[in-house]
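What follows is each chain in one-letter form.
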2 protein chains.
Amino acid sequence: MSSTYNPIRLGVVGLGRAFALSAPAISSHSGIDLVAAAEPNRAHREAFTKAFHGDTYADIQTMLDEADIEAVYISTPHGLHKEHALTAIEAGKHVLVEKPMTIPLADATEMIKAAEQAGVTLIVGPSHSFDGPVALAEKLIKSGEIGRVRMIHAFYATDFLYRPRTSAELSTDLGGGVVFSQAVHQVDLVRRLAGKPAQRVTARTGGAWDSERPTEGAYSMLIDFEDELFASLTYSGYAHFDGDRLMGDISELGTPKSPDTGETARQKLTTVANEADFKTSRGFVSLESCPKADTHEHFGQVFVFGDLGDLRLTPTGVEVHNIKGCAFHEAPFRTSRAEVFDTLFEAVRNRVLPLQDGYWGRASLEICHALLASEASKDTTSLSHQHN
Amino acid sequence: MSSTYNPIRLGVVGLGRAFALSAPAISSHSGIDLVAAAEPNRAHREAFTKAFHGDTYADIQTMLDEADIEAVYISTPHGLHKEHALTAIEAGKHVLVEKPMTIPLADATEMIKAAEQAGVTLIVGPSHSFDGPVALAEKLIKSGEIGRVRMIHAFYATDFLYRPRTSAELSTDLGGGVVFSQAVHQVDLVRRLAGKPAQRVTARTGGAWDSERPTEGAYSMLIDFEDELFASLTYSGYAHFDGDRLMGDISELGTPKSPDTGETARQKLTTVANEADFKTSRGFVSLESCPKADTHEHFGQVFVFGDLGDLRLTPTGVEVHNIKGCAFHEAPFRTSRAEVFDTLFEAVRNRVLPLQDGYWGRASLEICHALLASEASKDTTSLSHQHN
């Protein structure tokens, strides 16, 4: 995938936190030329010009009208994804949209149809289903390494809810809380490992345990997949226990942590005068200040149990446990999120169908809605958008 | 609890594996004098005489007729618990019966009523709810250390199903499989930490993944407790991954493990000519050959999430994670299972009501049945024996 293969001319919408986490991967990816950005905040635009030497615009429409781009990476707040995706699609651009692709399921369908009609690619990502160890685990499973997959288990504990948040990020209706921001990751990667359609969800959520932050902050769910495969997924974003302790003290972003000296999000938040300003300050400032991963990103403990062996995902690869013992398979690492932009390149240049397309993103989104519906009804929720 | 407090004169029924695991605790407990044993296998009886200098009998009735005992520890196979418990109760003895107390719920009720009518104590144990770190965690919770408890998470992976088994132990109807033998532990300890009645269970089981061992070997379940507390419990007894790796390489029994050199149950089973003989050989042989714990027993990962902090149970104590960081609380250790015999002593001598009484044991048993019922119906199962 060297640059002789004609890199994709990419524009980005939104230079906040999500972009800051992807910027190192984009910057070093030989298949991507990031040439334009649309963002209302001037400081972020200036930082972009400095880092990428691209053109900047105050809004997406101007960027689409003026910039010479083939694809748009949409890293705006959840509530703007649909509008921005449709605008880019109508302009004939390929779209990479952050998860969740949108909040209402009907909007997801509208985005899928629009991309189909326009003949452009729609990819939903980054999400942790792109992580190198997840891709490697999928490959090992498909090769028959652990036989038939029977059960998947995923558990992660973070202080997600205490990272700086906008009010929308603390309102479930607007796509806030851990269901749409975090469950969507866990669901995405579990679905990739399951490799077959989900059927039903039973879940309990912890909502508004902290009345100052009145949205879901934790959940446990059971997912039934076809062929009697089931998965259990548990997450807390209220946690005082740091789930990265179970991952060799590597953060979700693939950076090393010192568990006993690092300041937690909860501690930090108590020292912040204005949460919205603090949030803005975590947007794109410079490539140098973006988190630099030494290993793959991860989403906490993930185990896959099969007839012939089990897989344990780590930030550097996959452990295969079988009757002979434990063998470690390393997942080659370039930058975190490199796989997302590989996928974009392959889809646009080589017409390789992406796994995480619009239908895929809608299926994960449906499970997030089912999680809420199951909690509300205290009953099991059936799924109907998992086959396409 | 020195011996000047008049130790309890105890008889045991069944000198198999369960007894072998409790023998060190009994032998060193100053409140217990183990003076008699009933067991059909002569080799085990002889080993008992050598170790405990007590009298031995081929059956429980003869022991009850002839031995001077106040209490009976029933460590026979599950299917015999009810008969042996009722026999002991009718003879006016206090009863400590291994978990599960029996299999049919109606039998559990019969045992409870019989003990009440006879005015004797009925305790269900050992189970991992007696473990020192579980007791310490309960104490920390009750002291308000982590505020309101919101969510509990438990996960363990073992090769339980490949340890030597009788045919009954591989038949669910006879109380075999991981539901009645292992879920009952996890349920017991989660209930103790929850500290309030359970209401509903939704679960999936993995059954007969290995057609040679046609019983449940794995499960995931969600338990709703009162006040919106919920718990997720996941267990695999088919696992190639050794869950003790997540517990500092300490075995369930509190003994140190070398994960890369120890022979697994699966490996060992392939070298065994007769599984029943192998099973018998793991019964009581001598005190010296019983597993000797350096730390408390454990049942894998257990996390308790509260408003003000989280607890992580370890084989030596409890980590408290809160905004200030992590503080470790050590759980004083004598022998594994010492707490079970403390409970028996306090109940019989000092009329301290045991937590793990017949009603408690029936409530955990009901959840095991609900686990199976939820899998069968693919629906949520309501509970009705959790308040007493």
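Thresholds applied
- Residues numbered from 1 in each chain as written.
- Chains lettered and ligands numbered in written order.
- Predicted model: local features only at pLDDT ≥ 70, side-chain atom pairs only at ≥ 80, totals over all residues.
- Heavy atoms only, no water.
- UniProt positions renumbered as here; feature names shortened; annotations may be inferred.
- Helix = DSSP H or I, 4+ residues; strand = E, 2+ residues; numbered from the N terminus.
- Phe/Tyr/Trp six-rings, centres within 6.5 Å; stacked < 30°, edge-to-face > 60°.
- Buried < 20%, exposed > 50% of the residue type's maximum accessible area, 1.4 Å probe, protein only.
- Domains from an automatic or database assignment.
- Contact = heavy atoms within 4.5 Å.
- Buried area = accessible area lost by both parts, 1.4 Å probe.
- Salt bridge = Lys/Arg side-chain N within 4 Å of Asp/Glu carboxyl O.
- Polar contact = N/O pair within 3.5 Å; in protein donor to acceptor, adjacent residues only side chain to side chain.
- Nonpolar A, V, L, I, M, F, W, Y, C, P; charged D, E, K, R; others polar.
- Core = buried A, V, L, I, M, F, W, Y, C linked by side-chain atoms within 4.5 Å.

- In the annotation of an unreviewed UniProt entry, the entry for chain A reads 4,5-dihydroxyphthalate dehydrogenase, and the organism field reads Marinomonas foliarum.

Considerations on the UniProt feature "domain: Gfo/Idh/MocA-like oxidoreductase N-terminal" (unreviewed entry) in chain A
Move 1: Per the UniProt entry, the sites bearing "domain: Gfo/Idh/MocA-like oxidoreductase N-terminal" (unreviewed entry) are residues 8-125 of chain A in this numbering.
Move 2: Secondary structure content for residues 8-125 of chain A is 48% helix and 23% strand, and the end C-alpha separation is 17 Å.

Describing the packing of aromatic side chains
Move 1: In total, this model carries 32 aromatic pairs over all chains according to the counting rule given.
Move 2: Considering the side-chain rings of A:F155 and B:F303, the 5.1 Å spacing of their centres and the 35° angle between planes classify their relative orientation as tilted. Here the residue A:F155 occupies a position in strand β7 (residues 149-157), and B:F303 occupies one in strand β11 (residues 301-306), the pair thus bridging two chains. Like B:F303, A:F155 is buried.
Move 3: Judged by centre distance (5.1 Å) and plane angle (70°), the ring pair of B:F19 and B:F284 falls under edge-to-face. Here B:F284 lies in the loop between α9 (275-281) and β11 and B:F19 lies in helix α1 (residues 17-28), a separation of 265 residues in the sequence. By the burial criterion, B:F19 is buried, and B:F284 matches it.
Move 4: Aromatic rings pair up to connect A:F19, A:F48, A:F52 and A:F284 into one cluster.

Quick look at the domain arrangement of chain A
All names here are of chain A.
Move 1: Taken domain by domain, chain A comprises domain 1 (3-127 + 336-354) and domain 2 (129-334 + 368-382).
Move 2: In this structure, domain 1 and domain 2 have C-alpha centres spaced 23 Å apart.
Move 3: Taken residue by residue, the interface counts 34 residues in domain 1 and 28 residues in domain 2.
Move 4: Contact between domain 1 and domain 2 buries roughly 2,600 Å² in total, counting both sides, with carbon and sulfur atoms accounting for 61%.
Move 5: Of all residues in domain 1, R17, I103 and S127 bury the most surface against domain 2, accounting for 26% of the area lost on that side.
Move 6: Applying the counting rule to domain 1 against domain 2 returns 2 salt bridges.
Move 7: Linking D342 and R334 is a salt bridge whose minimum nitrogen-to-oxygen distance equals 2.4 Å.
Move 8: Taken together, domain 1 and domain 2 are joined by 12 residue pairs in polar contact (both at pLDDT 80 or more).
Move 9: Ranked by residue count, the leading element in the side of domain 1 that touches domain 2 is helix α1 (residues 17-28), at 7 residues.
Move 10: In terms of residue class, the side of domain 1 that touches domain 2 is made up of 19 nonpolar, 10 polar and 5 charged.

Description of the nonpolar core
Move 1: Formed by 93 residues in total, the largest nonpolar core has its most connected members in B:M63, B:I152, B:L193, B:M221, B:L233 and B:L311.
Move 2: Broken down by element, this core gets its largest block of residues, 10 residues, from helix α7 (residues 177-194) of chain B.
Move 3: With residues near it in sequence (within four places) discarded, B:M221 still touches A:L222, B:A183, B:V187, B:V201, B:T202, B:A203, B:A231, B:S232, B:L233, B:I367 and B:L371.
Move 4: Counting 92 residues, the second-largest nonpolar core is a separate cluster that includes A:I74, A:I141, A:V304 and A:L313.

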